[in-house]
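Chains, contacts and geometry: an overview
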Amino acid sequence: MTTMTTRTLLVGAAIVGLLTLGTSAQSGNIQQAVDSAYEQFKTLKEGKNADYIPALAKVDPNLFGIAVVTADGKVYTAGDIKTEVSIQSISKVFTMAQVIQEQGLEAIEKRIGVDATGARFNSIIAVEGVRTVVGTGAPEMNPLVNPGAISATSMVRGASSDEVWKKIIGFHNDAAGRQLTVLQDVYKSESDTNQRNQAIGALMLAYGYIKDNWQQAVDLYTRQCSIGVNAKDLATMAATLAAGGTNPVTSRKIRRGDILSLNCFPMVAGYYVALERTLSAENASKEHLKMWETNCHVHDVGKRLLVPGAKCSDIAKSLNDIYAQHDLLKYRTFGYGHSFGVLCHYYGREAGLELREDCDTMLEPGMVVSMEPMIMIPEGQKGAGGYREHDILVISERGNRNITAFPYGPEHLIVKAKEKQARKLR
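Residues numbered from 1 in each chain as written. Predicted model: local features only at pLDDT ≥ 70, side-chain atom pairs only at ≥ 80, totals over all residues. Heavy atoms only, no water.

Applying the stated criterion across every chain yields a total of three aromatic pairs. With a centroid separation of 6.2 Å and 55° between ring planes, the pair formed by Tyr52 and Phe121 is classed as tilted. Pair noted here: Tyr52 is in the loop between α2 (27-41) and α3 (54-57) and Phe121 is in the loop between α5 (105-111) and α6 (124-130), with a separation of 69 residues, a long-range link. Classification of Phe121 as partly exposed rests on a relative accessible area of 27%. Aromatic pair Tyr323 and Tyr336: ring centres 6.2 Å apart, planes at 20°, arrangement stacked. With Tyr323 in helix α14 (residues 312-325) and Tyr336 in the loop between α14 and β9 (368-371), this residue pair connects regions lying 13 residues apart in the sequence. With respect to burial, Tyr323 and Tyr336 carry one shared label: buried. (Phe/Tyr/Trp six-rings, centres within 6.5 Å; stacked < 30°, edge-to-face > 60°. Helix = DSSP H or I, 4+ residues; strand = E, 2+ residues; numbered from the N terminus. Buried < 20%, exposed > 50% of the residue type's maximum accessible area, 1.4 Å probe, protein only.)

This part covers the nonpolar core. Within the largest apolar cluster, 43 residues are counted, with the highest numbers of intra-cluster contacts made by Met141, Ile150, Trp165, Met204, Ile227, Val229 and Met237. Those elements that provide at least two residues to this core are α4 (91-103), α5, α6, α7 (146-155), α8 (161-176), α10 (195-206), α11 (214-225) and α12 (231-242). Broken down by element, the residue count for this core peaks at seven residues, all from α8. Excluding its chain neighbours within four sequence positions, the residues that come into contact with Met141 are Ile112, Gly113, Val114, Asp115, Thr117, Ala126, Val127, Val130, Pro147, Gly148, Met204 and Tyr209. Ranked by size, the runner-up nonpolar core spans 32 residues in total, among them Ile259, Tyr323, Tyr331 and Leu353. (Core = buried A, V, L, I, M, F, W, Y, C linked by side-chain atoms within 4.5 Å. Contact = heavy atoms within 4.5 Å.)

Once that is clear, we can look at the sheet that holds strand β14 (residues 414-415). Ordered in space as β5-β8-β14, the three strands form an open sheet in which the pairing is mixed. Pairing within the sheet leaves two strands with one partner each, and these edge strands are β5 (259-264) and β14. Across six bridges, β5 lies against strand β8 (residues 275-281) in antiparallel orientation. Within β8, the residue paired with Ile259 across the bridge is Ser280. The strands touched by helix α13 (residues 286-305) within the sheet are β5, β8 and β14, with β8 carrying the most contacts at an inclination of about 165°. (Pairing = 2+ DSSP bridges. Axes fitted to C-alpha atoms, helices over the stretch in contact; angles between N-to-C directions.)

Proximity of charged atoms lets side chains of opposite charge pair with each other. Summed over all chains, the structure comprises 18 salt bridges. Between Lys167 and Glu102 there is a salt bridge, with its nearest N and O atoms 2.5 Å apart. Residue Lys167 is found in helix α8, and its partner Glu102 is found in helix α4; the two are separated by 65 residues along the sequence. Here the two residues Lys167 and Glu102 agree in accessibility, since each one is buried. Glu357 serves as the salt-bridge partner of Arg332, at 2.5 Å between the closest nitrogen and oxygen. Separated by 25 residues along the polypeptide, Arg332 in the loop between α14 and β9 and Glu357 in the loop between α14 and β9 bring together distant segments of the chain. Here Glu357 falls in the partly exposed class, since its relative accessible area comes to 30%. Overlapping salt bridges, with partners in common, bring together Glu106, Lys110, Glu354, Arg356 and Asp358 in one network. (Salt bridge = Lys/Arg side-chain N within 4 Å of Asp/Glu carboxyl O.)

With that settled, the discussion passes to the pairing of β9. Side chains Val368 and Ser370 of β9 all project onto a buried face; the interleaved residues Val369 and Met371 project onto the opposite face, where all are buried too. Direction of pairing for β9 relative to strand β12 (residues 391-395): antiparallel, over a ladder of four bridges. By the bridge assignment, Met371 is partnered in β12 with Asp391.

Moving on to the sheet that holds strand β13 (residues 400-402). Judged by pairing direction, the sheet is antiparallel, and its three strands sit side by side in the order β9-β12-β13 without closing on themselves. Strands at the two margins of the open sheet, each flanked by one partner only, are β9 and β13. If you compare each strand with its neighbour and ignore which way they point, the axes differ by 35° on average.

Here helix α9 (residues 184-192) has its buried residues at Val186, Tyr187, Ser189 and Glu190. Down the axis of α9, the smallest arc covering the buried residues is 170°, so these residues share one side. Facing away from the buried side of α9 by over 90 degrees, the exposed positions are Gln184, Asp185 and Lys188. Where α9 is buried, its residues touch α3, β3 (85-86) and α11. (Arc of directions from axis to C-beta.)

Here we take up α8. Along its 16 residues, α8 runs 22 Å from first to last C-alpha, staying within 8% of the 22 Å computed at 1.5 Å per residue. When we look at burial in α8, the residues that qualify are Val164, Trp165, Lys167, Ile168, Ile169, Phe171, His172, Asn173, Ala175 and Ala176. Summarising the contacts, the buried residues of α8 are in contact with α4, α7, α11 and α12. Looking one or two residues past α8, Gly177 carries a phi angle of roughly 80°, positive in sign. (Expected span 1.5 Å × (residues − 1).)

Structural data, given as structure tokens:
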């Protein structure tokens, strides 16, 4: 599972258990709890190192440190918080989060699944057991066991192995708040002995979970498991997840030219609606404006297509064509929209109404549908950032009625700071 022994696994337990204390707990009480746990368990000698990867058996079993990072960025430590061990299966969580950020939660749900396999983490029998349901929309797998995790790694987008790896390590770096590196001895040891994962990768390709190049997926998965982290890194990464993806220790302030997102998800008496808008701080570069305006154009066309008798799949294909004309289709995330209503009754897939290529539902008067195109341009490319506009519309007898009625686009949402704030941004 990880390079941690029973002693060092306590670090992870401390991170999860104490992180929930959040900002309501007194700082002194948290540090006292950390110190007390360290003193109580520092002489514990139970358990043994994992040895299914030879390098893991060589890790010093006496390493022991506890680190707690709260969601507001406070750090509490005891013992060894500097020695690095390989992150191993904890990396699965962050690559899964990266795929969700790029492509949406439904990408994981439809491609891999979110169900327990009922088998061990590297089971080949589990892969065989789900082959009959691939393509039904309900694959019985999840991204936190090896087959699903290798598939999730294969979903990180990039033109080459190096480009994909740059994104994976970058995501882990951001979560940890520093530049992480691969422990080469672990990577070599694991690469030399990962024949089981290679078999899993080949099977996941055969059954449609991995679309191509399973060898690359297995290699990158092996490399991400070999990233070196210390106790403080892990606590900071956990706190980043708890804080909704913002690193609470390093969180930088908004800078001029930043692409931002406004997200509002009100719920009244169980009825769920949403509003999302792209914004830019103070100004926007030529490339950012190009991406933003293209996404707004897709949004405009999409709203006009929401009329009675229109087929969801046809709408999706028409909007795909616009992105393709600008060579942006590869950066599209999510579907283009779905039904809205009471969450427990009439929503998205449960209602059979999604603006996707594989949904042939016809729009009818009275349906409540979103239009929410989004593209995510990878870090390091011109115009990098996420662009999304999101309106809710009611299908009428002759067209639709937009009940969001909130401005969007560069002409409205390049946000100027107040003078005092603007000086800080400069």
